[in-house]
Amino acid sequence: MVIKVFVATSSGSTAIKKKQQEVVGFLEANKIDFKQMDIAGDEDNRKWMRENVPGEKKPQNGIPLPPQIFNEEQYCGDFESFFSAKEENIIYSFLGLAPPPGSKEVKTAEETSNLPNGEVSGEEHKVVEETEKSEVTEENEAHTEDNVDAVANSIELPSEEQQEEEEEEDEEEEEES
């Protein structure tokens, strides 16, 4: 099973770049096999990603932003889902992978209790990994701000031409300062 991370290698948004870097960096640091699928340079990847993100997971404008994470054809989630799973130490479950040796599988109390109508509640398995948490508060605040900015300002990813114009404007502003 291969984890696919859909990214935009030439994104003009620093918020998107940071999110992509965090996902890729985490997967690399934890030696989780994955493939980066560029949606900026490959129209087929962009089309596939947009068609395979479930409707309820798409933003209001209908265009999901990178990074989007899949296990083969199975949708795992977006950056916010990834970040939550990482913080809750259930990243392997989120990715649909077996936990590495040394991880603990914990059943919640709900799994073993019977419901009043005699049915047994869902069999959710939460995987608890022995990973370190890093700068949770600062990262969480930054991601929340970035997410609000990205959603508020997102329609389409800027073209290379738009990015170049933006960079030129930034350089001109810096020279004037």
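Residues numbered from 1 in each chain as written. Predicted model: local features only at pLDDT ≥ 70, side-chain atom pairs only at ≥ 80, totals over all residues. Heavy atoms only, no water.

A. Local environment of the overall build of the protein chain. Broken down by element type, the protein chain carries seven helices and six strands. Shown N-terminal to C-terminal, the secondary structure of the protein chain runs as helices and strands in the order β-α-β-α-β-β-α-α-β-α-β-α-α. Taking all 177 residues of the protein chain together, 34% fall into the buried category. By element, 45% of the accessible surface of the protein chain is carried by carbon and sulfur atoms, the whole surface being about 11,400 Å². (Helix = DSSP H or I, 4+ residues; strand = E, 2+ residues; numbered from the N terminus. Buried < 20%, exposed > 50% of the residue type's maximum accessible area, 1.4 Å probe, protein only. Areas by Shrake-Rupley, 256 points an atom, 1.4 Å probe, with all protein chains shown as cover.)

B. Fine view of the pairing of strand 2 (residues 34-38). The sheet contact formed by strand 1 (residues 3-7) and strand 2 spans five bridges and is parallel. Of the residues in strand 2, the one forming a bridge with Phe6 is Met37. Each parallel crossover has a hand, and the one from strand 1 via helix 1 (residues 14-29) to strand 2 is right-handed. (Pairing = 2+ DSSP bridges. Right-handed = clockwise from strand over helix to strand, strands pointing away.)

C. Structural detail: the packing of aromatic side chains. Summed over all chains, the structure comprises seven aromatic pairs. A centroid spacing of 4.9 Å and a plane angle of 65° characterise the contact between Trp48 and Phe70, whose relative ring orientation is edge-to-face. Residue Trp48 is found in helix 2 (residues 43-52), and its partner Phe70 is found in strand 3 (residues 68-71); the two are separated by 22 residues along the sequence. The class for Trp48 is partly exposed, based on a relative accessible area of 22%. (Phe/Tyr/Trp six-rings, centres within 6.5 Å; stacked < 30°, edge-to-face > 60°.)

D. Structural detail: the pattern of salt bridges. Inspection of the entire model under this criterion finds four salt bridges. Notably, a salt bridge pairs Lys86 with Glu22, separated by 2.7 Å at the nearest N-O pair. With Lys86 in helix 3 (residues 79-87) and Glu22 in helix 1, this pair connects stretches of sequence that are 64 residues apart. By relative accessible area, Glu22 is classed as buried at 14%. (Salt bridge = Lys/Arg side-chain N within 4 Å of Asp/Glu carboxyl O.)

E. Representation of helix 2. Within the span of helix 2, buried status applies to Asn45, Arg46 and Met49. End-on view of helix 2: buried residues confined to an arc of 100°, all on one side of the axis. Residues Glu43, Asp44 and Glu51 are exposed on helix 2 and point more than 90 degrees away from its buried face. Against strand 1, strand 2 and strand 3 lie the buried residues of helix 2. (Arc of directions from axis to C-beta. Contact = heavy atoms within 4.5 Å.)

F. Summary view of the side chain of Asn45. Looking at the element boundaries, Asn45 is found in helix 2. Here Asp38 takes part through its backbone oxygen, which lies 3.1 Å from a polar atom of the side chain of Asn45. Among residues more than four places away in sequence, those in contact with Asn45 are Phe6, Met37, Asp38 and Ile39. (Polar contact = N/O pair within 3.5 Å; in protein donor to acceptor, adjacent residues only side chain to side chain.)

G. Representation of the nonpolar core in the model. Ile3, Leu27, Ile69, Ile91, Phe94 and Leu95 are the most contacted members of the largest nonpolar core, which has 20 residues in total. For this core, the secondary structure elements donating two or more residues are strand 1, helix 1, helix 3 and helix 4 (91-95). Phe6, Met37, Val53 and Phe70 belong to the second-largest nonpolar core, a separate cluster that totals eight residues. (Core = buried A, V, L, I, M, F, W, Y, C linked by side-chain atoms within 4.5 Å.)

H. Structural detail: the confidence of the model for the protein chain. The predicted model of the protein chain averages 74 in pLDDT, with 58% of residues at 70 or higher. Note that pLDDT drops below 50 for residues 105-145; the model gives that stretch 51 contacts with residues more than four away or on any other chain. (pLDDT = per-residue confidence, 0-100.)

I. Broad picture of the packing of helix 1 against helix 3. Interhelical geometry of helix 1 versus helix 3 gives an angle of 45° and a closest axis separation of 11 Å. As the angle between them shows, helix 1 and helix 3 are arranged oblique. Between helix 1 and helix 3 lies a crossing of left-handed hand. Contact residues: helix 1 offers Lys19, Glu22, Val23 and Phe26, while helix 3 offers Phe79, Glu80, Phe82, Phe83 and Lys86. Residue classes in the contact of helix 1 with helix 3 are distributed as five nonpolar, no polar and four charged. (Axes fitted to C-alpha atoms, helices over the stretch in contact; angles between N-to-C directions. Parallel < 35°, antiparallel > 145°, perpendicular 65-115°, else oblique. Left-handed = near helix turned anticlockwise from the far one by under 90°. Nonpolar A, V, L, I, M, F, W, Y, C, P; charged D, E, K, R; others polar.)

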